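If you want the building blocks of each chain, they are given just below.
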Amino acid sequence: MRCRVCRQPAVIDIRRHNANFCTEHFLKLCRDQVAKAIGEFDMIDPSDRVLVAVSGGKDSLALWDLLLDLGYQVDGLYLGLGIGDYSHASRDHARAFAQQRQAKLVEVDLPTDYGYDIPTGAKAARRVPCSACGLSKRHLFDRAALEGGYDVVATGHNLDDEAAVLFGNVLRWHTEYLGRQLPVLPAANGFPRKVKPLVRLGEREMAAYCVMRGIDYIVEECPMAVGNKHLGYKDALNAIEVTSPGSKHDFYFGFLSRAAERFRSQATAEQAELHPCPSCGAPTTADTCAFCRLVVRAGGQAPVPVQLSTGPR
Ligand code: Q46
Ligand code: ZN
Ligand code: ZN
């Protein structure tokens, strides 16, 4: 097995590209794929201040590392979800990486700052944990970005994640979600711009990237993920990928180039109904936003209105 670029012994094969790579050229491939995604979808301008959502897992730490290496101005944001030892360990990995790369890590802690944690909050609000968690994360990432004067929030969703979400949305024909399942969502109506620069890279490549770069990430999965539907969708797509390499890529990028536009009107219609939440100021289509309702039902402290940053800090 030889590297496609230099013909030296290879350390990884990527069947989707029908090619093998040595360490040096694999790392270059990862940087090139991220740069290509950023350029192709106009995700980040060199003058932008970027906030990367960091969980301590392989994808988010690899993304932070890649964006730093590509020369972007990027800080990390860690959200403490109060999921027992898992949260402590993931926070330690995020902090260790920040220290190692001399990068700034912003921290928000749900139990300390909002008075609830995901396991008890989800139960009180009668939501499945990942639903309460996803909703809390989206709200707090937006808020941290707006308050910190960041132009863009970057998340570590990779090709496997996006293909699995797309698969689930198609399976159930959630057309309103299909209209906004894009690698970049422009800033609008009080939301910061959101980007997913890892969409051209798969899960296995991100794990390999971290190992080759010596990035110590949390390997354990979140204990609340058990029974999560997306894991089943990932398994199904992995089974297809084994016999037909490149299927995930074609499914996701084919959707972007040939189908996404057809669902746009639904997402746009929903956007038109947005107005500020009377309690926290975040955009919502309901009377009170879903985050404020969750906090109240979970017995936490109601959030204060967002304080917009007047410039970089
Ligand atoms: S952290 Fe939160 Fe994930 Fe854990 S509770 Fe579910 S959504 S699985 S990325
Ligand atoms: Zn090589
Ligand atoms: Zn609110």
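Owing to the predicted nature of the structure, the values given are computational and were not obtained by experimental measurement.

Asks: How should I be thinking about the coordination of the zinc ion (ligand 2) in this particular structure?
Replies: Tetrahedral metal sites with four donors have an ideal angle of 109.5 degrees; octahedral sites with six donors have ideal angles of 90 or 180 degrees. The protein atoms that coordinate the zinc ion (ligand 2) are Cys3 (SG), Cys6 (SG), Cys22 (SG) and His25 (ND1), at distances of 2.1 to 2.3 Å. Bound by four donor atoms, the zinc ion (ligand 2) shows angles of 96 to 114 degrees at the metal and therefore tetrahedral coordination geometry. Sequence spacing of the donors to the zinc ion (ligand 2): C-x2-C-x15-C-x2-H. On the criterion of sequence distance, the pair formed by Cys6 in the segment before β1 (12-14) and Cys22 in the loop between β2 (19-21) and α1 (23-40) is long-range, its members being 16 residues apart. A relative accessible area of 9% means that Cys22 is categorised as buried.

Asks: For this particular structure, what's the right way to read the pairing of strand β5 (residues 105-109)?
Replies: When a strand is regular, its side chains alternate between the sheet's two faces. Two strands pair when backbone bridges link them, and strand β4 (residues 73-80) and β5 are joined in this way by five bridges, in the parallel orientation. By the bridge assignment for β5, Leu77 is matched with Val106. Note that the unit made of β4, helix α3 (residues 84-101) and β5 has a crossover that is right-handed.

Asks: Explain the site of ligand 1 here, please?
Replies: Taken together, Leu81, Cys130, Cys133, Lys137, Cys222, Met224 and Ala225 form the complete shell of residues around ligand 1. Here the shell around ligand 1 is built from residues that sort into six nonpolar, no polar and one charged.

Asks: Quick question: what am I supposed to make of the pattern of salt bridges here?
Replies: Side chains that carry opposite charge are capable of pairing whenever their charged atoms lie near each other. For the structure shown, the criterion picks out 20 salt bridges. Between Arg49 and Asp75 there is a salt bridge, with its nearest N and O atoms 3.9 Å apart. Note that Arg49 is positioned in strand β3 (residues 49-54) and Asp75 in strand β4, a separation of 26 residues in sequence. Judged on exposure class, the residue Arg49 and its partner Asp75 are both buried. In this structure, Arg101 engages Asp65 in a salt bridge whose closest nitrogen and oxygen atoms are separated by 2.6 Å. Separated by 36 residues along the polypeptide, Arg101 in helix α3 and Asp65 in helix α2 (residues 58-69) bring together distant segments of the chain. Residues joined by salt bridges that share partners form a network here, namely Asp65, Asp69, Arg101 and Arg213.

Asks: Explain the packing of aromatic side chains to me, please; I cannot follow it from the model alone.
Replies: The geometry of an aromatic ring pair comes down to the distance between the two centres and the angle between the two planes. One pass over the full model with this rule turns up five aromatic pairs. With a centroid separation of 5.2 Å and 45 degrees between ring planes, the pair formed by Trp64 and Phe97 is classed as tilted. Of this pair, Trp64 sits in helix α2 while Phe97 sits in helix α3, placing them 33 residues apart in sequence. With relative accessibility at 3%, the residue Phe97 sits in the buried group. When the ring of Phe167 is compared with that of Phe251, the centres are 6.3 Å apart and the planes differ by 75 degrees; the resulting orientation is edge-to-face. Taken as a pair, Phe167 in helix α7 (residues 159-171) and Phe251 in helix α11 (residues 247-258) lie far apart in primary sequence, 84 residues in all. Grouped by ring-pair contacts, the aromatic residues Phe167, Tyr233 and Phe251 constitute a single cluster. The side chain of Arg49 reaches across the aromatic face of Tyr150, ending 4.2 Å from its centre. Above the plane of the ring of Phe253 lies Arg200, whose end atom (NZ or CZ) is 5.2 Å from the centre.

Asks: Explain the environment of Ala282 here, please?
Replies: Position of Ala282 relative to the elements: it lies in the loop between β9 (275-276) and β10 (283-284). Here the alpha-carbon distance between Ala282 and Cys30, two residues 252 residues apart in the chain, equals 35 Å. Residues contacting Ala282, with those up to four places away along its chain left out, are His139, His275, Pro276 and Cys277.

Here is what the cut-offs are and how they apply
Throughout this description, residue numbers start from 1 for each chain and increase along the sequence as written. Throughout, the order in which chains and ligands are written sets their labels, letters from A for the former and numbers from 1 for the latter. The model is predicted, so local features are restricted to residues of pLDDT at least 70 and side-chain atom pairs to those at 80 or more, both for listing and for counting; the totals for chains, interfaces and linings are taken over all residues. Heavy atoms throughout the structure, all of them, feed into the side-chain values; hydrogens and water do not. Only nitrogen, oxygen and sulfur atoms qualify as donors, and only when within 2.8 Å of the metal (3.2 Å in the case of Na, K and Ca); with water excluded, sites may look incomplete. Any site counts as irregular unless it has four donors with all angles between 85 and 135 degrees, making it tetrahedral, or four or six donors with opposite ones more than 155 degrees apart and the rest between 65 and 115, making it square planar or octahedral. Each helix is a run of DSSP H or I of at least 4 residues and each strand a run of E of at least 2, with the numbering of both proceeding from the N terminus. For each residue, the accessible area found with a 1.4 Å probe, counting protein chains only, is set against the maximum for its type, and the residue is called buried under 20%, exposed over 50%, and partly exposed in between. Any two strands between which DSSP finds at least two bridges are classified as paired. By convention, orient the strands away from the viewer: a clockwise path from the first strand over the helix to the second makes the crossover right-handed. We call a residue near a molecule or strand as soon as one heavy atom of that residue lies within 4 Å of the molecule or strand. Three classes are used, and their members are as follows: Ala, Val, Leu, Ile, Met, Phe, Trp, Tyr, Cys and Pro are nonpolar, Asp, Glu, Lys and Arg are charged, and the others, Gly among them, are polar. Each salt bridge in this description consists of a side-chain nitrogen of Lys or Arg and a carboxyl oxygen of Asp or Glu lying within 4 Å of one another. Two aromatic rings from Phe, Tyr or Trp, using only the six-membered ring of Trp, form a pair when their centres are within 6.5 Å; if the ring planes differ by under 30 degrees the pair is stacked, by over 60 it is edge-to-face, and anything between is tilted. In this analysis the charged atom, NZ for Lys or CZ for Arg, is taken to sit over a ring once it is within 6 Å of the ring centre and within 35 degrees of the ring normal. Note on contacts: a residue pair is in contact if any heavy atoms of the two residues lie within 4.5 Å.

Nothing here speaks to function; it is all geometry.
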